[in-house]
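Take a look at the letters that make up each chain.
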Amino acid sequence: MTIELFRNDSYLIEHNTIISEIVSEGLVLNETIFYPEGGGQPGDEGSITIDNQTINVIGTRYINNKLVHLVENIDGLKKDEEVRLNLNWVKRYSYMKVHTSLHLLCSIIPFPVTGGSIGDGRGRLDFDLESKPDKEEVLKKINQLINEDFSIYITSITDKELDENPELVRTMAVNPPRGSGQIRMIKIGDNIDFQPCGGTHVNKTSEIDHVKSVKIENKGKMNKRIILNF
Ligand SMILES: [Zn+2]
C-alpha cells in the first residue's frame, strides 16, 4: 500500500521515494504526494526524476486498488529505484482552493449534495433542492466566509460515531471510506462545516480567491446546480 502523504500534509510539493511496482499504465510508489482522482477532484500531475531522467506524470488514479502515477513510457524503469517527485503545484493549489470553497458552499446551502466537480478556477455542486437560491446572496455569503479567515482542521471520528450521526454525510453520491475504524473528517472554523472528506484542502479560508460569480442551473425538479467561478 502506498503511503499517502498528502492526506496529512497537502502542501508537500517535492518528495523522494522508491518505486514499489511497475504496471502497464505507470508507477506505484512506496509513498506519494500526488492525489489520485476522486471525489470530483482531478488526479495530480507533475514529474518524476530518476538519476537525470525526468518523466512527466500525466495523471494519478487508483487502478485495481493501486495508486498509479500515470506516465507515457515505462521503458527502462525498475522496481526499487529511488525517484524524486515534483508536483504540479499551480494546478493542485487551484484545486485545493476550489475544493475548500465547495465545503463553504455546503455550509451556505444546507441540503444534500448529489454530485460535484472541481476544476482549475471553477467548481460546482449539485443539491437535492427544489427552489433556486438567490445567487447574489450565495456570492456575498461565500466571499464573507473567505474573508473571515477560518482555519481548516483534519480530524477523525469512529465508524460508530458516524453511524450515530448520519447527517454529517453531505454527499449522497460518495460513501465515506470505512474499514479502518476511523473516518477522516474536515472541519472549518468552530462550526462552519464538518463532514467526512478524503480530499486536499487549504489551511485557511483566506487562501481561497474571491468568487467572481455564481451561476445556478435548474437540473430537474429536485436538482439545482451551483457553479462558482473564480
Ligand atoms: Zn473536502
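Criteria and thresholds
- Residues numbered from 1 in each chain as written.
- Predicted model: local features only at pLDDT ≥ 70, side-chain atom pairs only at ≥ 80, totals over all residues.
- Heavy atoms only, no water.
- Disulfide = S-S within 2.5 Å.
- Buried < 20%, exposed > 50% of the residue type's maximum accessible area, 1.4 Å probe, protein only.
- Donors = N, O, S within 2.8 Å, 3.2 Å for Na, K, Ca; no water.
- Tetrahedral: all angles 85-135°; square planar, octahedral: opposite > 155°, others 65-115°.
- Helix = DSSP H or I, 4+ residues; strand = E, 2+ residues; numbered from the N terminus.
- Domains from an automatic or database assignment.
- Contact = heavy atoms within 4.5 Å.
- Buried area = accessible area lost by both parts, 1.4 Å probe.
- Pairing = 2+ DSSP bridges.

Observations regarding the state of the cysteines
On inspection of all chains with the given rule, the structure shows zero disulfides. Unpaired in this structure, Cys106 has its nearest cysteine sulfur neighbour in Cys197, at a distance of 9.3 Å. With a relative accessible area of 3%, Cys106 lands in the buried category.

Quick look at the coordination of the zinc ion
Ideal geometry at a metal centre: 109.5 degrees between donors when four sit tetrahedrally, and 90 or 180 degrees when six sit octahedrally. Protein coordination at the zinc ion comes from His99 (NE2), His103 (NE2), Cys197 (SG) and His201 (NE2), with a distance range of 2.0 to 2.2 Å. Bound by four donor atoms, the zinc ion shows angles of 98 to 124 degrees at the metal and therefore tetrahedral coordination geometry. In the primary structure, the donors to the zinc ion are separated according to the pattern H-x3-H-x93-C-x3-H. On the criterion of sequence distance, the pair formed by His103 in helix H1 (residues 89-108) and His201 in the loop between strand S13 (193-196) and strand S14 (213-218) is long-range, its members being 98 residues apart.

What to know about the domain arrangement of the chain
Per the domain assignment, the segments making up the chain are domain 1 (3-87) and domain 2 (92-229). The distance between the C-alpha centroids of domain 1 and domain 2 comes to 27 Å. Taken residue by residue, the interface counts 14 residues in domain 1 and 17 residues in domain 2. Summing the contributions of domain 1 and of domain 2, the shared interface buries around 1,200 Å²; its carbon and sulfur component is 47%.

Some points on the pairing of strand S15 (residues 224-229)
Most of S15 sits out of view: five of its six residues are buried. When strand S10 (residues 122-127) meets S15, the two strands line up antiparallel, connected through six bridges. Looking at S15, one finds that Gly123 is bridged to Leu228. Judged from the six bridges that link them, S14 and S15 form a sheet pairing that is antiparallel. Each residue of the ladder has a partner; that of Lys215, found in S15, is Ile227. Adjacent in sequence and paired antiparallel, S14 and S15 are bridged by five residues, among which Gly220 carries a positive phi angle near 130 degrees.

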